[in-house]
Amino acid sequence: MPDFTILDAPPQQNANAAHQKTFYLETFGCQMNVHDSEKVIGTLTQQGYQQVETEEAADLILYNTCSIRDKAEQKVFNRLNDYKKLVRQGKRFGVLGCVAQQEGEHIFERAPYVSLVSGSASYRKLPEMLVRLEQGEKRITGLDDRQTEETFETEFTARSNPHRGYITIIEGCDKFCAYCVVPYTRGKERSRTSTSVLAEAQRMADSGYTEIQLLGQNVNSYRDPERKKSFAELLAAVGEIPGIRRVRFTTSHPRDFTRDIVEAIDAVPSLCDHVHLPVQSGSSDVLHMMQREYTRDWYLERISWIKAAKRPISMTTDIIVGFPGETPADFEQTITLLHEVQYDGVFAFKYSPRPNTPAVNLPDSISDEMKSERLQILLERQREIQRQNYSRHIGEVLEVMVEGHNRARGQVIGRTSQNKTLNFTTAQPILPATGSYLPVRVTTSFPNSLVGEAVA
Ligand code: SAM
Ligand code: SF4
């Protein structure tokens, strides 16, 4: 599910040796980008670089970028502008990810001090590109690999959390929704072999990970190149690895959401009871204009499978408001869908026209004011749904994984299998360790979180 915040990956080691090659990397965008950055950091470290905390301390400054909406892309150019004064100190700049792929060599014109521009489909070639950079080349590009069948696999992923980690199982996207840049920036859909995914999951379990999140722009469009496992079988196999207590997967596409995914969740307790299934709109007309290739009823059928599961499965979604031509009646259908499904979370976005996408040329664009108004209405209605949904947990005992501590509030921060935050207090003198699991009784609820007490 999307989380379009800026994340600074923590430094691997401290940078005190001025002569050592150092880099700073900042990540913008979704979990896919965060995990790509973990792999890029591993690759750079393997090449003898040391990660540092600030642009000022680095020889090489990298931005791993997102272009899903307008502002995300602007942030990168602002950041490049803010730090261009460092060029005089001999620092090198590189732009990676979706803005790099989308803007290509124009970046060299807009920011001439940038030396490296690479889309995610070319990350396999990073070691070679780094050597060219060190040899002083000024204009290095990795932009021509969007038709590749290969995925970016490395043994040197620098995961920053020792308990839960990501594994990308499928890269790219072939769906070409009318509003979306991803198929143009991340290239064609390509899956890793199930053997390679399971070997990575096993290595993570061996080094103490208990939670694994499988990633893909459309994770359930996974097609094993070895034809050994379907997506549901792969999910189950990861969940059956000894030591793995939680498996999550995101993002699922409704078109490829099959019943056996729910059956796998029913059969394997470590598969978390949460499905993120972006609908985008509750109106079949708008879905048609968006080129989503499903209707409201077709989507709701998948929801009915999820609702019929043995365990209650939490559902979340993504919605775009103000797509060109969205009428008040279309928007109302999105609101009624929220009530019908009863989501536990909605990531709602105002439609943002993106370069080179078919929707840019559609008539009947909606004013920004109208988009904001619809977004506001939607968020308010959804808040009420969540307030009720979350309140149903009061009195339940839920298992949480401890994520950290909020000392100011005297609370431990936990996460449930349904991906809900459950902050709690404990009567024990020693606080439970990060990464541990324990049962917590829910005492209070809010629209986005729960509060409880550890069960002694
Ligand atoms: N592949 C997933 C799917 O189709 O359900 C979604 C991946 S996309 C990176 C994440 C979300 O960004 C989408 O679900 C959509 O809601 C939103 N998004 C994509 N393009 C957008 C645009 N042009 N304007 C606003 N939101 C957009
Ligand atoms: Fe974008 Fe559609 Fe692909 Fe999702 S399925 S990444 S929204 S083109």
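Draft legend 1. Broad picture of the overall build of the protein. The number of helices and strands found in the protein is 13 helices and 20 strands. Computed over the C-alpha atoms, the radius of gyration of the protein is 22 Å, within 12% of the 23 Å expected from 2.2 N^0.38 for a compact globule of 456 residues. Evaluated residue by residue, the protein yields a buried proportion of 58% over its 456 residues. Accessible area for the protein stands at about 19,600 Å²; split by element, carbon and sulfur atoms hold 49% of it. Averaging the coordinates of the 54 positive side-chain charges in the protein and doing the same for the 59 negative ones gives two points 2 Å apart.

Draft legend 2. Local environment of the site of ligand 2. All residues adjacent to ligand 2 are Cys-173, Lys-175, Phe-176, Cys-177, Tyr-179, Cys-180, Val-182, Pro-183, Gln-217, Asn-218, His-253 and Arg-292. Within the shell around ligand 2, the residues separate by chemical class into seven nonpolar, three polar and two charged.

Draft legend 3. Representation of the sheet that holds strand E15 (residues 345-350). Taken in spatial order, the three strands make up an open sheet running E13-E14-E15, and their pairing is parallel. At either margin of the open sheet sits one strand with a lone partner, and together these are strand E13 (274-276) and E15. Averaged over all neighbouring strand pairs, the angle between strand axes comes to 10°, with direction disregarded. In terms of strand pairing, E13 meets strand E14 (residues 314-321) through three bridges, oriented parallel. Looking at the pairing, Val-275 lines up with Met-315 of E14. Where helix H13 (residues 368-391) meets the sheet, it contacts E14 and E15, and its direction lies at approximately 175° from that of E15.

Draft legend 4. Examining the nonpolar core more closely. Counting 69 residues, the largest nonpolar core has Ile-169, Tyr-179, Leu-214, Phe-249, Ile-306, Tyr-343 and Leu-378 as its most contacted members. Counting residues per element, this core draws most heavily on helix H8 (residues 231-239), which supplies seven residues. Counting 24 residues, the second largest nonpolar core, distinct from the first, contains Tyr-24, Phe-28, Val-95 and Val-117.

Draft legend 5. Region of interest: the pairing of strand E4 (residues 60-65). Most of E4 is tucked away: six of the six residues are buried. Where burial is concerned, the two faces of E4 agree: the one with Leu-60, Leu-62 and Asn-64 and the one with Ile-61, Tyr-63 and Thr-65 are both buried. Sheet topology note: the E4/strand E5 (residues 92-97) ladder contains six bridges and is parallel. Its bridge partner being in E5, Ile-61 is matched across the sheet by Phe-93.

Draft legend 6. Quick look at the packing of aromatic side chains. Enumeration over the complete set of coordinates arrives at ten aromatic pairs. Ring geometry for Tyr-179 and Phe-323: centres 6.2 Å apart, planes at 85°, overall edge-to-face. With Tyr-179 in the loop between strand E9 (170-171) and helix H6 (182-185) and Phe-323 in the loop between E14 and helix H12 (328-341), this residue pair connects regions lying 144 residues apart in the sequence. Among the residues examined, Tyr-179 registers a relative accessible area of 11% and is labelled buried. Relative to Tyr-351, the ring of Phe-323 has its centre 5.3 Å away and its plane inclined at 70°; by these criteria the two rings are edge-to-face.

Draft legend 7. Region of interest: helix H11 (residues 296-307). In this model, H11 (twelve residues) spans 16 Å end to end at C-alpha, consistent with the 16 Å of a helix rising 1.5 Å per residue. Of all the positions in H11, only Arg-296, Tyr-299, Leu-300, Arg-302, Ile-303, Trp-305 and Ile-306 are classed as buried. Against helix H9 (259-267), E13, helix H10 (284-289), E14 and H12 lie the buried residues of H11.

About the thresholds
Residues numbered from 1 in each chain as written. Chains lettered and ligands numbered in written order. Predicted model: local features only at pLDDT ≥ 70, side-chain atom pairs only at ≥ 80, totals over all residues. Heavy atoms only, no water. Helix = DSSP H or I, 4+ residues; strand = E, 2+ residues; numbered from the N terminus. Rg over C-alpha atoms; globule rule 2.2 N^0.38 Å. Buried < 20%, exposed > 50% of the residue type's maximum accessible area, 1.4 Å probe, protein only. Areas by Shrake-Rupley, 256 points an atom, 1.4 Å probe, with all protein chains shown as cover. Lys, Arg positive; Asp, Glu negative; His and termini not counted. Charge placed at Lys NZ, Arg CZ, Asp CG, Glu CD. Near = heavy atom within 4 Å. Nonpolar A, V, L, I, M, F, W, Y, C, P; charged D, E, K, R; others polar. Pairing = 2+ DSSP bridges. Axes fitted to C-alpha atoms, helices over the stretch in contact; angles between N-to-C directions. Contact = heavy atoms within 4.5 Å. Core = buried A, V, L, I, M, F, W, Y, C linked by side-chain atoms within 4.5 Å. Phe/Tyr/Trp six-rings, centres within 6.5 Å; stacked < 30°, edge-to-face > 60°. Expected span 1.5 Å × (residues − 1).

Any functional reading would require information beyond the geometric quantities listed.
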